[in-house]
Each structure stands twice: as structure tokens, then as C-alpha cells.
Amino acid sequence: MTRFVATSSEESLSAESVRSGMTLLVTVPPWKDLVCLDILVEADDVGPHHEPLVFSSQWMDVPLNAFHLNQIGLLDGLHVTWPQNSANHPLQPPASVYNGMHGMVTRMDLWLTHVEGAQYDLAVTGAAEFTRAFEIETRITLDKIVASNDENTQDADVAAWFETRFAATGFVPAWQVQPIINRELHSYVAQHPNISEQT
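An account of the accompanying structure is given in this report. Everything numeric in this text was worked out from a predicted model, so none of it was measured. Residues take numbers from 1 onward in each chain, read along the sequence in its written order. The predicted origin of the model limits local features to residues at a pLDDT of at least 70 and limits the giving and counting of side-chain atom pairs to 80 or more, whereas totals for whole chains, interfaces and linings rest on all residues. The basis for every side-chain value is the complete set of non-hydrogen atoms in the structure, without hydrogens or water.

### Section: the packing of aromatic side chains
- Between 30 and 60 degrees the pair is tilted, below 30 it is stacked and above 60 it is edge-to-face, where a pair is any two Phe, Tyr or Trp rings, Trp via its six-membered ring, whose centres lie within 6.5 Å. For the structure on display, the rule yields 5 aromatic pairs.
- Ring geometry for phenylalanine 162 versus tyrosine 188: centroids 5.5 Å apart, planes at 85°, classification edge-to-face. Here the residue phenylalanine 162 occupies a position in helix α1 (residues 155–166), and tyrosine 188 occupies one in strand β13 (residues 183–191), the gap between them amounting to 26 residues. Every helix listed is a DSSP run of H or I at least four residues long, and every strand listed is a run of E at least two residues long, numbered separately from the N terminus.

### Remarks on the nonpolar core
- Throughout this description, the term nonpolar core refers to a set of buried Ala, Val, Leu, Ile, Met, Phe, Trp, Tyr and Cys residues connected via side-chain atoms within 4.5 Å. Burial classification: accessible surface area is computed with a 1.4 Å probe over protein chains only, and a residue below 20% of its type maximum counts as buried, one above 50% as exposed, and the rest as partly exposed. If you look at the biggest cluster of nonpolar residues, it comprises 49 residues, and the most contacted ones within it are Leu37, Ile39, Phe55, Leu75, Leu110 and Leu112.
- A total of 6 residues in this core trace back to one element, the largest contributor, which is strand β11 (residues 131–149).
- Here, two residues are considered to be in contact whenever any of their heavy atoms come within 4.5 Å of each other. Those residues in contact with leucine 110, other than ones at most four positions away along the chain, are Ile39, Phe55, Met60, Leu78, His79, Val80, Leu122, Ala123 and Val124.

### Points about the side chain of threonine 81
- Take threonine 81: it is sitting in strand β7 (residues 79–82).
- In the analysis that follows, any N or O atom pair within 3.5 Å is treated as a polar contact, provided that within protein one partner can donate a hydrogen and the other can accept it, and provided that, for residues neighboring in sequence, both atoms belong to side chains. Reaching out from threonine 81, the side chain makes a polar contact with the backbone oxygen of glutamine 84 at a distance of 2.6 Å.
- Not counting residues up to four positions away in its chain, the partners in contact with threonine 81 are Ser86, Met108 and Asp109.

This is the structure:
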């Protein structure tokens, strides 16, 4: 079952089909052993002349010890709440909801359950600045794991760090180089070989 429901003081919006994806982002070595779990869920069919519903967790930090490292179900059973018991500071919301207005979450409860390969069942409930309550249920794919080096680490350091934590997850890494001002950004981008069959 897929649904995205958002209720504000003016209206209640709902959709039964969404586009979604997840990316794990980490700079090696990770600050305080935290990685970013960037989840994006977008729903277009919320009614005529209405903008899409969007949930984004691009600021959500998760401790490495919350993952099943070197296992296929890397994110299985992951439970993230905010503001209580969160790696994010109570004054730094980890996610936002857009329902025609962009608001940061004021509370959030998020669960992931492994299905197979890179696929998970996602369940999120909570509220945001302009959304009295929202609820999401959908199947979602971990699209990629992206590890980057900082000014103190070399490519070999990033590859070794990845190998010890993610080698047995089924994700296959390859280097990508992006030119930026005065230097190149090297990213070790890993994707599941069967990801196209699962989406």
C-alpha cells in the first residue's frame, strides 16, 4: 500500500502513488560517526491545480551503529525519531514537508523495513510547520551510497573505509570525479546491480 497524506488547517491532501528514493551520504572520516540518509518522496496526484506533496530528509543524520553494516539489509529496522532520541540537534529538524508551503518537521517518527535487495518499506508519521499531520507509507529503494574524501583523506582511504563497512551489502562502488572551483570532488558511488529490476 502506498499513500502520502498531509493535513493542514485549510485542507487535507492525499495521494496513492509517489516517486521516491534514498541516498546514503558520508564524508570520510565521518563527523561523530554520522551519515546523512537523504529520503525523497514526491506525490503529484493530490488534486487539480495543486502543487506536489514532497517529503525530504536531506538534513537527517543517522549514527553508523544504527545500521547493519556489511549486510544486505543495511537499513532494516532503522527507527529515527525527532526531536527526542535523535542524532539531529533538537533545534535542527532533519526533514521537511512541502504542501504548497515549505515547512520543517516539528516531530517525526520514521521506520524502514528491508524487503529484498535494495528495497525497503518506509513508514513516516509526524507534523511540520504548515502541516498539522502527515503520514507516508511506500516501498522505496536505496538508490546509492556516496562516500567522499575530505581535505585530509585520499581516495584509497575512502575505498578502504567503504570496504570494511559496506562490501557485503551487494552495492558495487565506482569513482566519480566532479570538477568544482579550484579542485576536483572525488566520490565513491555505490549502486546495487539489480536496482533497475526492483524499481
